[in-house]
Amino acid sequence: MIRFTVVTITYNAEAVLDRTLQSVLRQTYEGIEHLIIDGASTDGTLHLAEQYKQASDESESGHKVIIKSEPDHGIYDAMNKGLTQASGDYIVYMNAGDFFPQDDTLEQIVHRCRLTESPSDELPGVLYGLTNIVDGEGRFLHPRRLQPPEHLSWRSFRQGMLVCHQAFYARTDIAKNLQYDLRYRFSADVDWCIRVMHETERMGLTLYNIGMVVANYTEEGTTTQNHRASLKERFDVMRRHYGLLTTLVMHAWFVVRK
């Protein structure tokens, strides 16, 4: 059975965490490892997580829940901790407030991508899908503005982060060798996705378009709150991967597009 590692990063996330946990608990697919990586929360986050773990352990879901709470050096440091501990075939980050759109989302992914038909060394390096944006209460607002192309490559992100981080499933054996670059405070996820896709193509593996909404994303995160600093970092990420001239041309096109 193909296994998914779902990583949820938390810090004082009591207000929004439950919908994330419940969406994982309700997944009909059995092959789930759920890592909750907490940054030493001081509110009720850990109590919620422990209650969820107990409910999951007592259910017949077959899910494995692991909770780790300790101080960290920011969200990407916490993501690296989750990446190091992950044991599934694929890893996906579903942070506090984000959630799966349907109870059978992971089951549908396995079926659509024909994952059970591929030898483990030939599994797609990346699975990617669509994202809906929700408000702070988890209510649907609109589809994400940037949409992935039919055929994704590492070069695609010259046009922006076309795939939401929560809709990006990386093969764990590839991802473990490409940890998040902690020099970036807001855009290490963009850099990481590009590097994972680049390595996937170097290995001759496919990037598979799931062709469905696989994540509901709460657009009220750290990057949104620090928009200007995030844009500067993303420019640097693009410059490093695509060169200065290409990055300048693409950013001029971004201005025209808006």
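Below, the structure is looked at part by part. (Residues numbered from 1 in each chain as written. Predicted model: local features only at pLDDT ≥ 70, side-chain atom pairs only at ≥ 80, totals over all residues. Heavy atoms only, no water.)

1. As for the side chain of S153
Then, number 1: In this fold, S153 is placed in the loop between β6 (140-143) and β7 (168-171).
Then, number 2: With near-sequence residues (within four places) excluded, S153 lies in contact with M197 and E201. (Helix = DSSP H or I, 4+ residues; strand = E, 2+ residues; numbered from the N terminus. Contact = heavy atoms within 4.5 Å.)

2. Considerations on the pattern of salt bridges
Then, number 1: In this structure the tally under the stated criterion is 12 salt bridges.
Then, number 2: Residues R155 and E201 are paired through a salt bridge, measuring 3.8 Å at the closest nitrogen-oxygen approach. Remark: E201 occurs in helix α6 (residues 188-202) and R155 occurs in the loop between β6 and β7; sequence separation between them is 46 residues.
Then, number 3: Among the residues examined, R155 registers a relative accessible area of 39% and is labelled partly exposed.
Then, number 4: Residue classification places E201 among the partly exposed positions, given a relative accessible area of 27%.
Then, number 5: Here R183 and D181 are joined by a salt bridge, their closest N and O atoms 2.6 Å apart. (Salt bridge = Lys/Arg side-chain N within 4 Å of Asp/Glu carboxyl O. Buried < 20%, exposed > 50% of the residue type's maximum accessible area, 1.4 Å probe, protein only.)

3. A closer look at the pairing of β7
Then, number 1: Side chains F168 and A170 of β7 all project onto a buried face; the interleaved residues Y169 and R171 project onto the opposite face, where all are buried too.
Then, number 2: Summarising the sheet, strand β4 (residues 90-93) and β7 pair through two bridges and their orientation is antiparallel. Within β7, the position partnered with Y90 by the bridge is R171.
Then, number 3: As paired strands, strand β5 (residues 126-134) and β7 are joined by three bridges and run antiparallel to one another. By the bridge assignment, Y128 is partnered in β7 with F168. (Pairing = 2+ DSSP bridges.)

4. Overview of the packing of aromatic side chains
Then, number 1: Evaluation of the coordinates by the stated rule reveals nine aromatic pairs.
Then, number 2: Their ring planes at 90° and their centres at 5.6 Å tell us that Y93 and Y180 sit as a pair that is edge-to-face. In this pair, Y93 sits in strand β4 while Y180 sits in the loop between α5 (172-175) and α6, placing the two residues 87 residues apart along the sequence. Grouping residues by exposure puts Y93 and Y180 together as buried.
Then, number 3: Within the aromatic cluster, the residues linked to one another by ring pairs are Y76, Y93, F168, Y180 and W192. (Phe/Tyr/Trp six-rings, centres within 6.5 Å; stacked < 30°, edge-to-face > 60°.)

5. Considering helix α1 (residues 14-25)
Then, number 1: The end-to-end C-alpha distance of α1, which contains 12 residues, comes to 17 Å, matching closely the 16 Å that a straight helix rising 1.5 Å per residue would cover.
Then, number 2: Buried residues along α1 sit in contact with β1 (4-10), β2 (32-38), α2 (45-58) and β8 (207-218). (Expected span 1.5 Å × (residues − 1).)

6. Quick look at α6
Then, number 1: In a regular helix each residue adds 1.5 Å, so 15 residues correspond to 21 Å; α6 covers 21 Å between its end C-alpha atoms and thus fits that length.
Then, number 2: Most of α6 is tucked away, with 11 of its 15 residues classed as buried.
Then, number 3: Those residues of α6 that sit buried are A188, D189, V190, D191, W192, C193, I194, R195, V196, M197 and T200.
Then, number 4: G204 lies just past α6 and shows a positive phi near 75°.

7. Quick notes on the side chain of D189
Then, number 1: Mapping D189 onto the fold places it in helix α6.
Then, number 2: Despite its burial, D189 pairs with no opposite charge, the nearest such side chain being R234 at 4.9 Å.
Then, number 3: Those residues in contact with D189, other than ones at most four positions away along the chain, are Y76, M161, H165 and Y180. (Lys, Arg positive; Asp, Glu negative; His and termini not counted.)

8. Considerations on the environment of A167
Then, number 1: Structurally, A167 is set in the loop between β6 and β7.
Then, number 2: Separated by 46 residues in sequence, A167 and V213 place their C-alpha atoms 8.1 Å apart.

9. Considering the packing of α1 against α2
Then, number 1: Viewed as axis vectors pointing N to C, α1 and α2 meet at an angle of 15°, and their least axial separation amounts to 10 Å. When the axes of α1 and α2 are compared, the pair comes out roughly parallel. The way α1 lies across α2 gives a crossing that is right-handed. Contacts between α1 and α2 pair E14, L17, D18, L21, V24 and L25 from the former with T45, L48, A49, Y52, A55 and S56 from the latter.
Then, number 2: Of the residues assigned to the contact of α1 with α2, the class counts are eight nonpolar, two polar and two charged. (Axes fitted to C-alpha atoms, helices over the stretch in contact; angles between N-to-C directions. Parallel < 35°, antiparallel > 145°, perpendicular 65-115°, else oblique. Left-handed = near helix turned anticlockwise from the far one by under 90°. Nonpolar A, V, L, I, M, F, W, Y, C, P; charged D, E, K, R; others polar.)

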